[in-house]
Amino acid sequence: MPTSPLTRRSIVAQAWPIMLGQTTVPLVGLVDTWVIGRTGDAAALAGVALGTTVVNFIFWSFGFLRMGMTGMTAQAQGAGDDAEVRAMLLRGGIAGLGIGTLIFVAQIALIPVAFALLAGGEALDTAARAFTAARFFGAPAGLAVFAITGWLLGLGRTRSALALQIVMNVANIALDLYFVRSLGLGAAGVGYGTTTAEWIALITGMLICWRILGRNTPVISTRLFDRDAIRRLFAVNANIMIRTVALLALFAWFTNAGARLGPTTLAANHVLLQFVSVAAFVLDGFAFTAESRVGHAIGQRSRPALIRAIRLTGEFSAVAGLVFCLAIWLGGAIVIDALTTNTEIRTIATAMLPLVALVPLIGMPAWLLDGVFMGAAAGRPLRNAALIATALYVVIDLALRGFGETGLWIAFLLGYVLRAVALGAQLPALLRTVANPPAAS
């Protein structure tokens, strides 16, 4: 619970554990890329890229278990409703385990359909299917961890969220190295490593929550099944789910566009997306802080606190975006050479580096505004912005097809601009809602 005064120092104190924890998330992707990339096998690396797209699309379609949980938990805490705070954790955890189990059972149909829609090839599909099948074993644990993480962030328990993130990602890296380097399982080994780490993280998360709530905390059965709370949960999360699916469709389109240019281009884009992931995940430290602070301000019905939370997190986000832009531009080529030994992949990735360096600076407003609207549990604006941005992105990408890889990355950058503009246009309306109780959206 963010009880400290809303100052720059308190923003940094709350954000740094998230940023540190988030740094380990793309680090896993970097290690995966390094483990496969150092073999020099472009098809295997491209297969992991294709499989990651499928898994992310399916798993993060239910990302509302993290995103919706944060804002509503923060609002309940800001309103002093401790019973609802506890009930939120139970609802989210049960939903995560249940949905994850359904995904695991449905994989027989999901995997063939997913790869039928993506442009790959026999070698790519073989590696990608092996990776994806291994990852589905972790679906129940992974989605339950989404809910636990969102709950911790909503309470401002960023150090606890950091501990959970570090346990999962360190385990992921160690297990990936073991399954791939020691056992020689290739793309499937990356999947099994991540899956095992998700189950370890679930056990860790349950222990953390048990410690926060106390061993004598009663099960709140009446609040767990409160109709109004469940109705609002589904109303908000339905819109967040549509928003997430729309953005995942954008990334899937981007990946598929790279695949159409060949496995070498797809592999190069996968390497370049590691820079985007590092920047996005670290800058999310301020976006997640905005979620917690905005939700808390709305729970308190404090318009000044809401405006100040947006302004302070915005200042830090802008500076961090500029720093990442310069870091990628100046040092990106060295990282590319370290990630892969394939000369063709290196050449394509290095040529696109100046455009990739712009992503943190141009994407920062969209990432921050996502946090603001998530904290407000304002699902409708998030949904509308994502649908508009994705639709226009596809049109732009098609128009720039003649420019090859350059056109692909220009369209990707413009997708962030479109999303930020669409969300920014709805910010005044959000500020006006503080005078009234927040309705389900």
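Just so you know, the residues in each chain are numbered from 1, in the order the chain's sequence is written. In keeping with the predicted nature of the model, local features appear solely for residues at pLDDT of at least 70, side-chain atom pairs appear and are counted solely at 80 or more, and the whole-chain, interface and lining totals rest on all residues. Remark: hydrogens and water are excluded; side-chain values derive from all non-hydrogen atoms of the structure.

Participant: Help me understand the overall build of the chain in this model?
Facilitator: The helix count covers DSSP runs of H or I at least four residues long, the strand count covers runs of E at least two residues long, and both are numbered beginning at the N terminus. When you go through the chain residue by residue, the secondary structure sums to 17 helices and 0 strands. Here the chain holds 441 residues, and the buried ones make up 58% of them. Counting only carbon and sulfur atoms, one obtains 69% of the accessible surface of the chain, whose full area is about 17500 Å². Exposed residues in this analysis have more than 50% of their type's maximum accessible area, buried residues have under 20%, and partly exposed residues fall in between, with area computed by a 1.4 Å probe over protein chains only. For every accessible area listed, the method is Shrake-Rupley and the probe measures 1.4 Å; residues are considered covered only by the protein chains on display.

Participant: How should the environment of Leu414 be read in this particular structure?
Facilitator: Tracing the sequence through the fold places Leu414 in helix α16 (residues 404-424). Leu414 sits 22 residues away from Leu392 along the chain, and the two C-alpha atoms are 9.1 Å apart.

Participant: I would appreciate a short explanation of the packing of helix α13 (residues 343-357) against α16 in the present structure.
Facilitator: Two measures define how a pair of helices packs: the angle their axes make with one another and the distance between the axes. Two elements in contact, α13 and α16, have axes separated by 10 Å at closest approach and are oriented at 30°. Between α13 and α16, the crossing angle belongs to the class labelled roughly parallel. α13 and α16 meet at a crossing whose hand is right-handed. Facing Ile348, Met352, Leu355 and Val356 of α13, the residues of α16 in contact are Glu405, Thr406, Trp409, Ile410 and Leu413. Angles here are taken between N-to-C directions and fall from 0 to 180 degrees, while the axes themselves are lines fitted to C-alpha atoms, restricted in helices to the stretch in contact. Reported orientations rely on four angle classes, namely roughly parallel under 35 degrees, roughly antiparallel over 145, roughly perpendicular from 65 to 115, and oblique for the rest. Working rule for handedness: look at the near helix, and if it is turned counterclockwise from the far one by less than a right angle, call the crossing left-handed; if clockwise, right-handed. We call two residues in contact whenever any of their non-hydrogen atoms come within 4.5 Å of each other.

Participant: Would you mind going over a nonpolar patch on the surface with me for this structure?
Facilitator: Exposure above 30% relative accessible area and the lack of any salt bridge qualify a residue for a patch; like charges then connect within 9 Å, and the nonpolar side chains Val, Leu, Ile, Met, Phe, Trp and Tyr within 5 Å. When a carboxyl oxygen of Asp or Glu lies within 4 Å of a side-chain nitrogen of Lys or Arg, that pair is called a salt bridge. On the surface, Val12, Trp16, Leu20, Ile166 and Val170 cluster together into a nonpolar patch covering about 400 Å² of accessible area. Among the elements of the structure, α1 (8-37) and α7 (158-182) are those that each provide at least two residues to the nonpolar patch. If you trace the backbone, Val170 turns up in helix α7.

Participant: Could you clarify how one ought to interpret the packing of helix α11 (residues 263-300) against α16 in this entry?
Facilitator: Across the interface, α11 lies against α16 with an axial gap of 12 Å and an inter-helix angle of 35°. Two packed elements cross with a definite hand, and for α11 against α16 that hand is right-handed. Packed against α11, whose contacting residues are Thr265, Asn269, Leu272, Leu273 and Val276, the element α16 presents Glu405, Leu408, Trp409, Phe412 and Tyr416 at the interface. Gly is placed with the polar residues, together with every amino acid not listed as nonpolar (Ala, Val, Leu, Ile, Met, Phe, Trp, Tyr, Cys and Pro) or charged (Asp, Glu, Lys and Arg). Taken together, the residues of the contact of α11 with α16 sort by class into 7 nonpolar, 2 polar and 1 charged.

Participant: What should I look at first to understand the side chain of Asn172 in this one?
Facilitator: Relative to the assigned elements, Asn172 resides in helix α7. Among the residues examined, Asn172 registers a relative accessible area of 5% and is labelled buried. Any pair of N or O atoms that falls within 3.5 Å is considered a polar contact. Within protein, one atom must be able to donate a hydrogen and the other to accept it, and sequence-neighbouring residues count only if both atoms are side-chain atoms. Polar contacts involving the side chain of Asn172 include one to the side chain of Thr194, which spans 3.1 Å.

Participant: I keep staring at the packing of aromatic side chains and nothing clicks. Help me out?
Facilitator: The description of two aromatic rings rests on the distance between their centres and on the angle between their planes. Any Phe, Tyr or Trp ring, taking Trp's six-membered ring, that has another such ring centre within 6.5 Å forms a pair; planes under 30 degrees apart are called stacked, those over 60 apart edge-to-face, and the others tilted. Considering all chains together, one arrives at 11 aromatic pairs under this definition. Seen from their ring centres, Phe286 and Phe316 are 5.4 Å apart, and the 10° between their planes marks the pair as stacked. Remark: Phe316 occurs in helix α12 (residues 303-339) and Phe286 occurs in helix α11; sequence separation between them is 30 residues. A relative accessible area of 6% means that Phe286 is categorised as buried. Cation placement over rings: the criterion is NZ of Lys or CZ of Arg within 6 Å of the ring centroid and within 35° of the ring normal. Against the face of Phe288 rests Arg66, its NZ or CZ located 4.2 Å from the ring centre.

Participant: Honestly, the nonpolar core in this entry has me stumped. Any pointers?
Facilitator: One recurring pattern in soluble globular proteins: nonpolar side chains tend to sit buried together. Counting residues in hydrophobic clusters, the biggest one holds 131 residues, and the most contacted among them are Ile103, Trp151, Leu272 and Trp409. Per element, the largest residue contribution to this core is 18 residues, and it comes from α11. Dropping the residues within four chain positions of it, Trp151 is found in contact with Met69, Thr73, Val85, Met88, Leu89, Cys209, Ile212 and Leu213. Throughout, nonpolar core names a set of buried Ala, Val, Leu, Ile, Met, Phe, Trp, Tyr and Cys residues whose side chains join them through atoms within 4.5 Å.

Participant: Can you help me understand helix α14 (residues 359-375) in this one?
Facilitator: Note that an α-helix has 3.6 residues per turn; residues three or four places apart therefore point the same way. Take the residue count of a helix, subtract one, and multiply by 1.5 Å to get its expected span. In a regular helix each residue adds 1.5 Å, so 17 residues correspond to 24 Å; α14 covers 24 Å between its end C-alpha atoms and thus fits that length. To get the bend at a given residue, fit one axis to the seven residues ending there, fit another to the seven starting there, and take the angle between those axes. Along its length, α14 shows its largest kink, about 30°, at Pro365. Most of α14 is tucked away, with 14 of its 17 residues classed as buried. Of the residues one or two after α14, Ala377 is the one with positive phi, at around 55°.

Participant: Could you clarify how one ought to interpret the environment of Ser61 in this entry?
Facilitator: For Ser61, the location among the structural elements is in the loop between α2 (42-60) and α3 (64-78). Here Ser61 falls in the buried class, since its relative accessible area comes to 7%.

Participant: Sorry, what's going on with the pattern of salt bridges here?
Facilitator: Any two side chains of opposite charge can pair, given that their charged atoms come close. Summed over the entire model, instances satisfying the criterion amount to 8 salt bridges. Residues Asp370 and Arg243 are paired through a salt bridge, measuring 2.6 Å at the closest nitrogen-oxygen approach. Placement of Asp370 in helix α14 and of Arg243 in helix α10 (residues 227-260) is noted, with a sequence separation of 127 residues between them. The residue Arg401 makes a salt bridge to Asp397 at a minimum N-O spacing of 3.2 Å. Judged by its relative accessible area of 2%, Asp397 is buried.

Participant: When you look at the environment of Ala133 in this model, what are you seeing that I'm missing?
Facilitator: Along the chain, Ala133 turns up in helix α5 (residues 122-135). For Ala133, a relative accessible area of 27% puts it in the partly exposed group. Linking Ala133 and Gly51, residues 82 residues apart in sequence, is a C-alpha distance of 9.1 Å. Not counting residues up to four positions away in its chain, the partners in contact with Ala133 are Gln107 and Ile111.

Participant: Explain unusual backbone geometry to me, please; I cannot follow it from the model alone.
Facilitator: A negative phi angle is the norm for most residues apart from glycine, just as the trans form is the norm for most peptide bonds. In this model, Arg301 sits at a positive phi of 60°, which is unusual for a non-glycine residue. Along the chain, Arg301 falls in the loop between α11 and α12. In this model, Ala377 sits at a positive phi of 55°, which is unusual for a non-glycine residue. Residue placement: Ala377 occurs in the loop between α14 and α15 (379-399).

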